[in-house]
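Chain by chain, the residues:
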Amino acid sequence: MRLRLQSVPLYLSEMAPAKIRGTVNQLFQLTTCIGILVANLINYKTEQIHPWGWRLSLGLATVPAILMFLGGLVLPETPNSLVEQGKLEKAKAVLIKVRGTNNIEAEFQDLVEASDAARAVKNPFRNLLARRNRPQLVIGAIGLPAFQQLTGMNSILFYAPVMFQSLGFGGSASLISSTITNAALVVAAIMSMYSADKFGRRFLLLEASVEMFCYMVVVGVTLALKFGEGKELPKSLGLILVVLICLFVLAYGRSWGPMGWLVPSELFPLETRSAGQSVVVCVNLFFTALIAQCFLVSLCHLKYGIFLLFAGLILGMGSFVYFLLPETKQVPIEEVYLLWRQHWLWKKYVEDVDE
């Protein structure tokens, strides 16, 4: 899983033309969500097969694994990787093939220059800590992957079965809620594919932050007034909360979910790209584990307040994007570093190094 999370976003970003890089990169999120949805549907059906249904469900997991292995055998290396290995002619051939034109000299020269700079770096992880790479470290390696897990998505999914039980789904509420929320994630991924390169990354993150903040506050206040301490959740109110959950999942699934992988894969220069993406995956999994370990304890102590806490975090991460993240839409991946020179804060770090 770690290798997939590290390699696939980078591979797609390096292969895609700048003008549709967001759309192509969203294929990672879309196929992941479709896979989870299909797995939930299989689990829902195999649950009814006794006593060996779970074996069938587990065995079917080998099908996508085999397909991934066979697909990996025929995938070409990215032009960036081939240039870095010194295979210039092969890199040029792949670049011509994936761009569909022979007019690739300017982009190819950018790749060669980036590769020359990368060869001069002996320790990519130490270089990632250099002052000139501070924007990528703060935003791409730490900020976005951490915030992706601090949106409160887990709290929403935790309460979803409770809402569905209130609507009469009984013991299958957990599987039903997982299926519906994952179906919403598939729809959101499709929306993100068509909007990432049209409206930009910043717009999606900021607009969704406003939405998610409102949903968290409404759910938290509603549960504080109408749920807990022996009170049952009214069916009509449960229906409203289910709709809010689906809207929250849609907002997350078209913004912080996919953008948490897309934007970091665009930010790092070639000399720190692999090291940077490794840190992205590590930070993401660290905060995933942290939330998993701390959420239930926090829920017991804060109760409905956990939603208000996440609302505050969403407000903070929206401010983070507004003030610190430049727009990377349709910017060639080897020219993203130029954005830092125009940013009100990050130009201080980049200009000091240039001088």
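Cut-offs used in this document
- Residues numbered from 1 in each chain as written.
- Predicted model: local features only at pLDDT ≥ 70, side-chain atom pairs only at ≥ 80, totals over all residues.
- Heavy atoms only, no water.
- Bend = angle between axes of the 7 residues up to and from the residue.
- Helix = DSSP H or I, 4+ residues; strand = E, 2+ residues; numbered from the N terminus.
- UniProt positions renumbered as here; feature names shortened; annotations may be inferred.
- Expected span 1.5 Å × (residues − 1).
- Buried < 20%, exposed > 50% of the residue type's maximum accessible area, 1.4 Å probe, protein only.
- Patch = residues over 30% accessible without salt bridge, like charges linked within 9 Å, V, L, I, M, F, W, Y side chains within 5 Å.
- Areas by Shrake-Rupley, 256 points an atom, 1.4 Å probe, with all protein chains shown as cover.
- Salt bridge = Lys/Arg side-chain N within 4 Å of Asp/Glu carboxyl O.
- Axes fitted to C-alpha atoms, helices over the stretch in contact; angles between N-to-C directions.
- Parallel < 35°, antiparallel > 145°, perpendicular 65-115°, else oblique.
- Left-handed = near helix turned anticlockwise from the far one by under 90°.
- Contact = heavy atoms within 4.5 Å.
- Nonpolar A, V, L, I, M, F, W, Y, C, P; charged D, E, K, R; others polar.

Draft legend 1. How the structure looks around helix α15 (residues 273-302). Along its length, α15 shows its largest kink, about 40 degrees, at C294. Note on α15: the residue one or two positions beyond its end, K303, has a positive phi of about 55 degrees.

Draft legend 2. Region of interest: the UniProt feature "transmembrane region" (unreviewed entry) in the chain. According to UniProt, the feature "transmembrane region" (unreviewed entry) maps to residues 27-44, 56-75, 137-160, 167-191, 203-225, 237-255, 275-297 and 304-325 in the numbering used here. Across residues 27-44, helical content stands at 100% and strand content at 0%; the span's end C-alpha atoms are separated by 25 Å. Secondary structure across residues 304-325 comprises 91% helix and 0% strand; the distance between its end C-alpha atoms is 31 Å.

Draft legend 3. View of helix α14 (residues 256-267). The terminal C-alpha atoms of α14 lie 16 Å apart, and with twelve residues this matches the ideal 16 Å at 1.5 Å per residue to within 8%. If you check which residues of α14 are buried, you get W256, G257, P258, M259, G260, W261, L262, V263, P264, S265, E266 and L267.

Draft legend 4. Just a nonpolar patch on the surface, in detail. Nonpolar side chains collect at one region of the surface, where I49, W52, L56, L60, V63 and L67 lie side by side and expose about 510 Å² of accessible area between them. Going through the elements one at a time, α3 (53-60) and α4 (62-74) are the ones with two or more residues in the nonpolar patch. With respect to the helices and strands, the residue L60 is situated in helix α3. You can call L60 partly exposed: its relative accessible area is 34%.

Draft legend 5. How the structure looks around the packing of helix α2 (residues 21-46) against α3. Two elements in contact, α2 and α3, have axes whose closest approach is 9 Å; the angle formed by their N-to-C orientations is 160 degrees. Put simply, α2 runs roughly antiparallel to α3. With respect to the hand of their crossing, α2 and α3 are arranged in right-handed fashion. Contacts between α2 and α3 involve I42, N43 and T46 from the former and G53, L56, S57 and L60 from the latter. When grouped by side-chain class, the residues that make up the contact of α2 with α3 number three nonpolar, four polar and no charged.

Draft legend 6. Region of interest: the packing of α14 against α15. With their axes 10 Å apart at the nearest point, α14 and α15 run at an angle of 155 degrees to one another. The pairing of α14 with α15 is recorded here as roughly antiparallel in orientation. Relative to α15, α14 is oriented so that their crossing is right-handed. Residue-level contacts link W261, P264 and S265 of α14 to Q277, V280, V281 and N284 of α15. When its residues are assigned to classes, the contact of α14 with α15 shows four nonpolar, three polar and no charged.

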